[in-house]
Amino acid sequence: MGMDLASLLDLNHLTSSDHFSIVSMNLFVALLCACIVIGHLLEENRWINESITALLIVKKKQFFRNFMTIMLFGAVGTLISFGIISTGVIHFFQKMNIGSLEINDYLAIGAIFSATDSVCTLQVLSQDDTPLLYSLVFGEGVVNDATSVVLFNAIQRFDLSHFNSGIALEFLGNFLYLFISSTLLGVAMGLLSAYVIKKLYFGRHSTDREVALMILMAYLSYMLAELSYLSGILTVFFCGIVMSHYTWHNVTESSRVTTKHAFATLSFIAEIFIFLYVGMDALDIDKWRLVSKSPGKSIGISSILLGLVLVGRAASVFSLSFLSNLTKRSSNEKINIREQVLIWWSGLMRGSVSMALAYNQFTMSGHTSLRGNATMITSTITVVLFSTMVFGSMTKPLVRFLLPMPKHMVSSEPSSPKSFNVPLLNGHDTEGDNSQQNVPRPPSLRMLLRTPSHTVHHYWRKFDNAFMRPVFGGRGFVPFVPGSPTDESSLQWR
């Protein structure tokens, strides 16, 4: 009896001491629920659709048709922005004496503010009306985040205080190693999940097991990347691409619906969580108290960062758009100046990735007592909130101004595979010959680069149909049995 009473008293003691923590958690959960309710009320304004919705409904065909352009903007463009922002930060911040920041910190700032958040623009654009622009904005946003994280991790691995050509080459090699290794790991895990589900076919016995395996395999790819000191976000991105191409077609229809809503729900809650956390952390008095003695300097730092973001984004988008247009034959495939402005604008917002990297670099367990670190955290919060609220609120009017809806919209995404401008399944254009007769022909090498007789996608489809799909499954290559994931209509891809 005495032991039970002691345990009860100890439990009451713990409950009393943890009362504040429990209240805080309850308040946070209540705020999450409030955000969902408020978001539902604002749904008709399309303000709270999360990025995972775009991931689930984006047309995969359009995404892969523009894959090289997406990688150009997402990877090379991020490096250009990183170079400009880092150079500007080193030039201005060293003169402002904002704290004890080192060269690694300046380069980390460049990686932090190279990560974009294009969700606001994606909610305004329509992939049916502007499929090219939609796929570029979506794809570039995902690759940009992954590249920024890889770049940030590469910076943290090196002591760049004594920078020379040898360290520069080693840094570049480490960046390429992280990028390529993370990509290969994601592809391998995606293929493994497709092979396992195709061979064992869990859906005949239990949809729950099938769904659990898909979710856990995707999560396992992320954990393996983190344990291997690779980029988890890049690994899980390419794992998702492979799973959507193979694994998705190996499961039952009920599993597809369940996984779609499960991932959408998890992403929805996580996205609300991170932005609510940023908003609440903006009210942390301790950080602002450290920078309150020089408010003008804090405003100047935020203004400089916003200016560098604008310049770096412009330098990457317009220059790479020019290079991309040189390889395009049809005017429908080229990125016009209005679309370039929208791509530039969509990358001006900063979001959760920037905040996560800033906390990783400048705080320990979410707290800091150093003036320089506190200044960078508060400046990051200011840039994220300002760009999201101001630039985000101006996105919809800008899209309406630059892309007015014509009465008869001609989409660059054909309604059927037979009307492709650039053939995917054959080597020549059957419907565009008459319209292309009077087009001047460029030199042979340039013509090969711009209008290849067989596109890269054509050769990939031949390889995929001959070797990959028979082993890993996918649409049209999973044997049809009653209740299987495929039906007779999917056999048209044979």
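Going by the structure above, here's the rest.
Report on the accompanying structure. None of the values given here were measured: they were computed from a predicted structure.

On to helix H8 (residues 131-156). Across its 26 residues, H8 extends 38 Å between first and last C-alpha, which sits within 8% of the 38 Å expected from 1.5 Å per residue. Counting buried positions along H8 yields 23 of 26 residues, so the element is predominantly enclosed.

With 21 residues, helix H10 (residues 207-227) ought to run about 30 Å at 1.5 Å a step, and its terminal C-alpha atoms sit 30 Å apart, in line with that. Of all the residues in H10, the buried ones are Glu 210, Val 211, Leu 213, Met 214, Met 217, Ala 218, Ser 221 and Ala 225. All buried residues of H10 fall inside an arc of 165 degrees around its axis, so they share one side. The outward face of H10, more than 90 degrees from its buried face, is lined by the exposed residues Asp 208, Arg 209, Leu 216 and Leu 227. Where H10 is buried, its residues touch helix H9 (165-200), helix H11 (232-245) and helix H12 (253-281). Just downstream of H10, Tyr 229 is the residue with a positive phi angle, here 60 degrees.

Here the focus is a nonpolar patch on the surface. A cluster of nonpolar side chains, namely Leu 172, Leu 176, Ile 180 and Leu 184, defines an oily patch on the protein surface of about 380 Å² accessible area. The exposure class assigned to Ile 180 is partly exposed, which follows from its relative accessible area of 48%.

It is at 8 Å that the axes of H10 and H11 come closest, and there the two elements cross at 150 degrees. With respect to each other, H10 and H11 are oriented roughly antiparallel. Remark: the crossing between H10 and H11 carries right-handed chirality. Each of Met 214, Ala 218, Ser 221, Tyr 222, Ala 225 and Glu 226 in H10 lies in contact with H11, whose residues at this interface are Gly 232, Ile 233, Thr 235, Val 236, Cys 239 and Met 243.

What follows concerns the packing of aromatic side chains. The description of an aromatic ring pair uses the distance of the two centres, along with the angle that the planes make with each other. Inspection of the entire model under this criterion finds eight aromatic pairs. Aromatic pair Tyr 195 and Phe 472: ring centres 6.3 Å apart, planes at 70 degrees, arrangement edge-to-face. Here Phe 472 lies in helix H19 (residues 456-472) and Tyr 195 lies in helix H9, a separation of 277 residues in the sequence. Judged by centre distance (5.1 Å) and plane angle (70 degrees), the rings of Phe 237 and Phe 238 are edge-to-face. Note on accessibility: Phe 237 and Phe 238 belong to one class, buried. Linked through ring pairs, Trp 344, Trp 345, Phe 386 and Phe 391 together constitute an aromatic cluster.

Let's shift gears to the packing of H10 against H12. Look at H10 against H12: their axes get within 9 Å of each other, and the N-to-C directions meet at 45 degrees. When the axis of H10 is compared with that of H12, the two are oblique. Handedness of the H10/H12 crossing: right-handed. Mapping the contact onto sequence places Thr 207, Glu 210, Val 211, Met 214, Ile 215 and Ala 218 in H10 and Ser 254, Ser 255, Thr 258, Thr 259, Ala 262 and Phe 263 in H12. Among the residues making up the contact of H10 with H12, the classes are represented as six nonpolar, five polar and one charged.

Rules used in this analysis
- Residues numbered from 1 in each chain as written.
- Predicted model: local features only at pLDDT ≥ 70, side-chain atom pairs only at ≥ 80, totals over all residues.
- Heavy atoms only, no water.
- Helix = DSSP H or I, 4+ residues; strand = E, 2+ residues; numbered from the N terminus.
- Expected span 1.5 Å × (residues − 1).
- Buried < 20%, exposed > 50% of the residue type's maximum accessible area, 1.4 Å probe, protein only.
- Arc of directions from axis to C-beta.
- Contact = heavy atoms within 4.5 Å.
- Patch = residues over 30% accessible without salt bridge, like charges linked within 9 Å, V, L, I, M, F, W, Y side chains within 5 Å.
- Areas by Shrake-Rupley, 256 points an atom, 1.4 Å probe, with all protein chains shown as cover.
- Salt bridge = Lys/Arg side-chain N within 4 Å of Asp/Glu carboxyl O.
- Axes fitted to C-alpha atoms, helices over the stretch in contact; angles between N-to-C directions.
- Parallel < 35°, antiparallel > 145°, perpendicular 65-115°, else oblique.
- Left-handed = near helix turned anticlockwise from the far one by under 90°.
- Phe/Tyr/Trp six-rings, centres within 6.5 Å; stacked < 30°, edge-to-face > 60°.
- Nonpolar A, V, L, I, M, F, W, Y, C, P; charged D, E, K, R; others polar.

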